[in-house]
Amino acid sequence: MGFEGLTALLQWIGLFQAIASKGTAAWTNIKKALADNGIEADTSALDAVAVDADRRRAIAEHEAGQA
Amino acid sequence: MKQRILAGMAALIVMIALVSAAGCAAKQRHIATVSVVAGHQALALIQDTEMLLVCGKSTAPAAGQCVPQDVHQNEISPKLAAAFQYDASIARTVRDWPVGTPPPATIGELMGKINAIIQDVLRHMPESALKTKLVFQLGS
């Protein structure tokens, strides 16, 4: 392989490495976004449970004559 | 020709580093969330059903099968109030649980208390068609 061929090879390897690193970063970002959305959905559900639990506790206390 | 093939093969080698899944750490919290939601639904179903069973209400079954007013006021309602307090506490604990850290020990303790209250409340409810349906729904 001549000098020109080696240079071209290194350029191709560099190009594919750049594509691969961007692809890896993109895939990492996608997975993080999915995880974050799942965490946010769970947080919303837990907030809703807490609010409803407070409401039902108040109802139970009223029924018990404690309100 | 051979050199061109080798160059092409080298160019085609793409190193993809598989990053460990960012969502694995969130799975424990998600499982806990599902449990909290299911537990809350069960408690809510018990409260709603018990309210229908109180003697004197239009929805109550015949005497002997309905929940006496004094039992409803002095036994069941205070227990349900405590259960929902634990319920809200668990929900907030799980919500504030940092992803990737061990689950807080209080979650298991509070769930145990809620389960004990549920069993106690069911014991105070006389047998009736509505209670049978409730037990079936809780078990399913």
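We now turn to the structure provided with this report. Keep in mind that what you see is a predicted model, and the values were worked out from it rather than measured.

### Here's the deal with the overall build of chain A
Line of reasoning, step 1. From N to C terminus, chain A includes one helix and zero strands.
Line of reasoning, step 2. Relative to the compact-globule value of 11 Å for 67 residues, chain A shows a C-alpha radius of gyration of 29 Å, a clear excess of over 25%.
Line of reasoning, step 3. Overall size of chain A, expressed as C-alpha extent along the three principal axes, is 95 × 10 × 10 Å.
Line of reasoning, step 4. By the burial criterion, 22% of the 67 residues in chain A qualify as buried.

### Quick notes on the nonpolar core
Line of reasoning, step 1. By size, the foremost hydrophobic cluster in this structure holds 31 residues, and its most contacted members are Val36, Leu43, Ile76, Leu80, Val94, Val121 and Met125 of chain B.
Line of reasoning, step 2. Looking at this core, the elements with two or more residues in it are helix H1 (3-63) of chain A together with helix H2 (24-53), helix H3 (69-96) and helix H4 (105-124) of chain B.
Line of reasoning, step 3. Considering every element that reaches this core, the biggest residue donor is H3 of chain B, with 10 residues.
Line of reasoning, step 4. Those residues within four positions of valine 121 of chain B in sequence are excluded, and the remaining contacts are Ile46, Ile76, Lys79 and Leu80 of chain B.

### Comments concerning the packing of H1 of chain A against H3 of chain B
Two numbers describe a pair of packed helices, the interaxial angle and the distance between the axes.
Line of reasoning, step 1. At their nearest, the axes of H1 of chain A and H3 of chain B sit 8 Å apart, and the two run at 160 degrees to each other. The pairing of H1 of chain A with H3 of chain B is recorded here as roughly antiparallel in orientation. Where H1 of chain A crosses over H3 of chain B, the handedness of that crossing is left-handed.
Line of reasoning, step 2. When the residues that make up the contact of H1 of chain A with H3 of chain B are grouped by side-chain class, the tally is 11 nonpolar, five polar and nine charged.

Analysis parameters
Residues numbered from 1 in each chain as written. Chains lettered and ligands numbered in written order. Predicted model: local features only at pLDDT ≥ 70, side-chain atom pairs only at ≥ 80, totals over all residues. Heavy atoms only, no water. Helix = DSSP H or I, 4+ residues; strand = E, 2+ residues; numbered from the N terminus. Rg over C-alpha atoms; globule rule 2.2 N^0.38 Å. Buried < 20%, exposed > 50% of the residue type's maximum accessible area, 1.4 Å probe, protein only. Core = buried A, V, L, I, M, F, W, Y, C linked by side-chain atoms within 4.5 Å. Contact = heavy atoms within 4.5 Å. Axes fitted to C-alpha atoms, helices over the stretch in contact; angles between N-to-C directions. Parallel < 35°, antiparallel > 145°, perpendicular 65-115°, else oblique. Left-handed = near helix turned anticlockwise from the far one by under 90°. Nonpolar A, V, L, I, M, F, W, Y, C, P; charged D, E, K, R; others polar.

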